[in-house]
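# Analysis of the macromolecular model
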Amino acid sequence: MSITNTITVAYLKQRYLYGIDLTDDDGVAFPDSLFEAAINSAASIIGTDLDIDLTGLNTYDERHDVDPGHVNSYYLFQLDRRPLREIVRVYVQFGGFDKFALSNTMVHISSDMGAQVQFLPGPEFYDLTAGAGGQPTIVPGFLAGGTYIPLYLRFEYKAGFDGTTYPYPPEIIDLICLVASMLPLDTAGDLIAGAGVASKSISMDGLSTSLSTTSSATNAGYGARMISYRKRAERLLHTIKRKYRVPHLAAM
């Protein structure tokens, strides 16, 4: 499900663009595509900055190396996309040979926001662990060796938000809306008194009226609100990074 199913055009207009004239010189309303593009762009930019997937709940397929250091951490891996929601399937695949599916009971999500998974024996290894009181004390034989194997493990998994089962956090919605508001505000500011017009006056039969705006060649008509939103977004992003940014694993 796309981010625009959660942050709709109407939602953005009502909560962040209230009081703004969102029409052109002829009174025609800005197309919804302008707002949708701004929302999608903001979600992509913020997702990249936070290193999380904000474009929806998506399925990914990626391969990872196995090296001797993984043995001591029960094969702790950090996948590329966050937040991790579900491991669809894990395969072993050597080079161009056919992939072989592993049992999902072996694969455990140790951190959804960190996109970290580990391998622990599942019920199918019970006969090998019964002597230890049923406790999983071993790792599968094909992963217990000390050989480096490139691209040996292949993960299919789901990551991101869907707006329902995995709703977007309110602080993320607020940040996306603040950034997405910049394009409509910039466009509306240029047209506040007509395209390219900063001031105008009308006189008739000795009567005259004039209108001046803050719009100029270097300043948008709604520049004050844009500055306010930008400052709010910067403060919010700083706070959110402390919650959503995680250090990447380093193999030693």
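Residues numbered from 1 in each chain as written. Predicted model: local features only at pLDDT ≥ 70, side-chain atom pairs only at ≥ 80, totals over all residues. Heavy atoms only, no water.

### Comments concerning the overall build of the protein chain
Stated precisely, the cut-off is as follows: By definition, any uninterrupted DSSP run of H or I lasting at least four residues is a helix, any uninterrupted run of E lasting at least two residues is a strand, and each is numbered from the N terminus. Each residue's exposure class comes from its accessible area (1.4 Å probe, protein chains only) as a fraction of the maximum for that residue type: buried when under 20%, exposed when over 50%, partly exposed otherwise. For this analysis, residues touch if any pair of their heavy atoms sits within 4.5 Å. Throughout, the Shrake-Rupley method with a 1.4 Å probe supplies accessible areas, and for residues the shown protein chains are the sole cover considered.
Within the protein chain, the regular secondary structure consists of six helices and nine strands. Scored against the burial criterion, the 252 residues of the protein chain give a buried share of 39%. Long-range pairs, those at least 24 residues apart, make up 72% of the contacts in the protein chain between residues at least 6 apart in sequence. Counting only carbon and sulfur atoms, one obtains 54% of the accessible surface of the protein chain, whose full area is about 13900 Å².

### Some remarks on helix α4 (residues 170-180)
Of all the 11 residues making up α4, nine are buried; the element is thus mostly covered by neighbouring parts of the structure. Residues of α4 that are buried: Glu171, Ile172, Ile173, Asp174, Leu175, Ile176, Cys177, Leu178 and Ala180. For α4, the elements touching its buried residues are α1 (9-16), α2 (32-50), α5 (182-190) and α6 (223-244).

### Some thoughts on the packing of α4 against α6
Put simply, the test is: Every angle, taken between N-to-C directions, lies between 0 and 180 degrees, and every axis is a line fitted to C-alpha atoms, over only the stretch in contact when it is a helix. Less than a right angle of anticlockwise turn of the near helix away from the far helix marks a crossing as left-handed, whereas a clockwise turn marks it as right-handed. Only Asp, Glu, Lys and Arg are considered charged, only Ala, Val, Leu, Ile, Met, Phe, Trp, Tyr, Cys and Pro nonpolar, and every remaining residue, Gly among them, polar.
Viewed as axis vectors pointing N to C, α4 and α6 meet at an angle of 145 degrees, and their least axial separation amounts to 9 Å. For the element pair α4 and α6, the recorded crossing hand is left-handed. Here Glu171, Ile172, Asp174, Leu175, Leu178 and Val179 of α4 lie close against α6, whose contacting residues are Tyr229, Arg232, Ala233, Leu236, Leu237, Ile240, Lys243 and Tyr244. The residue inventory of the contact of α4 with α6, partitioned by class, reads 10 nonpolar, no polar and four charged.

### Concerning the confidence of the model for the protein chain
Note the threshold: A score from 0 to 100, pLDDT tells how confident the predictor is in each residue.
Of all residues in the protein chain, 75% have pLDDT values of 70 or greater, and the mean over the chain is 81. Scored below 50 in pLDDT, residues 193-198 makes 13 contacts in the model with residues more than four places away or belonging to other chains.

### A few points about the sheet that holds strand β5 (residues 107-111)
Rules: A pair of strands counts as paired when DSSP detects no fewer than two bridges linking them.
With antiparallel pairing, the three strands of this open sheet are ordered in space as β2-β6-β5. Looking at the sheet topology across the chains shown, the edges are occupied by β2 (77-78) and β5. Sheet topology note: the β2/strand β6 (residues 116-119) ladder contains two bridges and is antiparallel. Of the residues in β6, the one forming a bridge with Gln78 is Gln116.

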